[in-house]
Amino acid sequence: DGGITQSPKYLFRKEGQNVTLSCEQNLNHDAMYWYRQDPGQGLRLIYYSQIVNDFQKGDIAEGYSVSREKKESFPLTVTSAQKNPTAFYLCASSAQGDRDQPQHFGDGTRLSIL
Amino acid sequence: SQKIEQNSEALNIQEGKTATLTCNYTNYSPAYLQWYRQDPGRGPVFLLLIRENEKEKRKERLKVTFDTTLKQSLFHITASQPADSATYLCALHTGRRALTFGSGTRLQVQP
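Reading guide: rules and limits
- Residues numbered from 1 in each chain as written.
- Chains lettered and ligands numbered in written order.
- Predicted model: local features only at pLDDT ≥ 70, side-chain atom pairs only at ≥ 80, totals over all residues.
- Heavy atoms only, no water.
- Helix = DSSP H or I, 4+ residues; strand = E, 2+ residues; numbered from the N terminus.
- Rg over C-alpha atoms; globule rule 2.2 N^0.38 Å.
- Buried < 20%, exposed > 50% of the residue type's maximum accessible area, 1.4 Å probe, protein only.
- Pairing = 2+ DSSP bridges.
- Core = buried A, V, L, I, M, F, W, Y, C linked by side-chain atoms within 4.5 Å.
- Salt bridge = Lys/Arg side-chain N within 4 Å of Asp/Glu carboxyl O.
- Contact = heavy atoms within 4.5 Å.
- Axes fitted to C-alpha atoms, helices over the stretch in contact; angles between N-to-C directions.
- Buried area = accessible area lost by both parts, 1.4 Å probe.
- Polar contact = N/O pair within 3.5 Å; in protein donor to acceptor, adjacent residues only side chain to side chain.

*Asks:* So what's going on with the overall build of chain A? Which residues, and what values?
*Replies:* Summing up its helical and strand segments, chain A has zero helices and eleven strands in all. N-terminal to C-terminal, the α/β element order of chain A is β-β-β-β-β-β-β-β-β-β-β. Against the globule reference of 13 Å for 114 residues, chain A gives a C-alpha radius of gyration of 13 Å, in line with a compact fold. A principal-axis box enclosing the C-alpha atoms of chain A has dimensions of 40 × 25 × 25 Å. Per-residue burial over chain A gives 49% buried out of 114 residues.

Quick look at the structure:
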């Protein structure tokens, strides 16, 4: 079945540590996105990518980094500079970044501080 | 500032009634608006998209309206069922090639 796979489902970070969240899609979508969701809140955009080897900052990019070396993969690194990383992280993709395309989401990674 | 507002209070209704959720926005002129459903611990799932030249869109028991003058979208679920209980998010394209989401409204349908 086509879809988006996020791993791991749960992740723990130690102080001063960088951690990487995986996002893979087999939908042949050009555009991919990372969102952060805090309890009782909506989704906030971290980074997005319209095409391989290109990406743009979203609203809360500080303390995060991404790469887009392959069409199907868009990993997110939460760096030690992100002082409040505890949240639910969601990856999504769409056929194009155009306005009339729905986004398909993975089932998220829940990141906590040890 | 630009805002997308959804009622943060949970909506509780009886099974069989119509649920109506509201999405208001300011300082945007979106050509499209989308609605998603999110269950606890899961990613959002796309439900419906409505364009600015469409006043209303239907899909089975779901209906969405889009009033660009009022800057408001209404999302209706008719003949609601306990299985409809979830958080519903509206989303707009706000000038960049990515969606901006509202904070969502939690719907609880009582049997």
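Read on for the rest.
*Asks:* Outline the pairing of strand E2 (residues 10-13) of chain A, supporting the account with residue identities and numerical values.
*Replies:* Residue and element names in this part refer to chain A. Only one face of E2 is buried: it carries Leu11 and Arg13, and the other face, with Tyr10 and Phe12, is open. In this structure, E2 lies alongside strand E11 (residues 109-113), joined through four bridges in parallel fashion. The partner of Tyr10 across the bridge, within E11, is Arg110.

*Asks:* Would you mind going over the nonpolar core in detail, with residue names and values included?
*Replies:* Ranked by size, the top nonpolar core spans 23 residues in total, and within it Leu33, Trp35, Phe75 and Tyr88 of chain B carry the most contacts. Among the secondary structure elements, those contributing two or more residues to this core are strand E3 (19-26), strand E4 (32-38), strand E5 (45-51), strand E7 (62-67), strand E8 (72-77), strand E9 (86-93) and strand E11 (105-110) of chain B. Counting residues in each nonpolar core, the second largest holds 20 residues, with Cys23, Ala61, Phe74 and Leu111 of chain A among its members.

*Asks:* Describe in detail the pattern of salt bridges, supporting the description with residues and values.
*Replies:* Per the counting criterion, the structure on display carries eleven salt bridges over all chains. Residue Lys3 of chain B is joined to Glu5 of chain B by a salt bridge in which the shortest nitrogen-to-oxygen separation is 3.9 Å. Overall, the relative accessible area of 43% leaves Lys3 of chain B in the partly exposed class. Ionic pairing is found between Glu54 of chain B and Lys57 of chain B, a salt bridge with its closest N-O pair at 3.9 Å. The network of salt bridges with shared partners includes Arg36, Asp38 and Arg44 of chain A.

*Asks:* Describe the environment of Thr78 of chain B, naming the residues involved and giving the relevant values.
*Replies:* All names here are of chain B. For Thr78, the position within the fold is in the loop between E8 and E9. Separated by 15 residues in sequence, Thr78 and Lys63 place their C-alpha atoms 8.2 Å apart. Excluding residues within four positions of it along the chain, Thr78 makes contact with Lys17, Thr18 and Arg61.

*Asks:* I'd like to hear about the sheet that holds strand E6 (residues 56-59) of chain B, residue by residue, with values.
*Replies:* Residues and elements named next belong to chain B. Here five strands make up an open sheet; going across it, the order is E1-E3-E8-E7-E6 and the pairing antiparallel. Edge positions in the open sheet fall to strand E1 (3-6) and E6, since each of these has one partner strand only. Between one strand axis and the next, the sheet turns by 15 degrees as a mean value, whatever way the strands run. When E6 meets E7, the two strands line up antiparallel, connected through four bridges. In the sheet register, Lys57 faces E7, and the bridge partner there is Val64.

*Asks:* I'd like a description of the environment of Leu99 of chain B, backed by residues and values.
*Replies:* Secondary-structure assignment places Leu99 of chain B in strand E10 (residues 99-101). On a C-alpha basis, the gap between Leu99 of chain B and Trp35 of chain B in space is 11 Å, while along the polypeptide they are 64 residues apart. When near neighbours in sequence (up to four residues on either side) are disregarded, Leu99 of chain B contacts Tyr35 and Gln103 of chain A together with Gln34, Tyr36, Ala91, Leu92 and His93 of chain B.

*Asks:* Mind laying out the interface of chain B and chain A, listing which residues take part and the relevant values?
*Replies:* Each side of the interface is counted separately: chain B has 21 residues, and chain A has 25 residues. Summed over both sides, the interface between chain B and chain A buries roughly 1900 Å², with carbon and sulfur atoms accounting for 51% of that surface. For the chain B face of the interface with chain A, the top three residues by lost area are Arg96, Arg97 and Phe101 of chain B, together amounting to 29%. Taken together, the links from chain B to chain A amount to two salt bridges. Ionic pairing is found between Asp107 of chain A and Arg42 of chain B, a salt bridge with its closest N-O pair at 3.0 Å. Counting the contacts that link chain B with chain A gives five residue pairs in polar contact (both at pLDDT 80 or more). For the side of chain B that touches chain A, the secondary structure elements donating two or more residues are E4, E5, E9 and E10 of chain B. With four residues, E4 of chain B is the largest single contributor of residues to the side of chain B that touches chain A.

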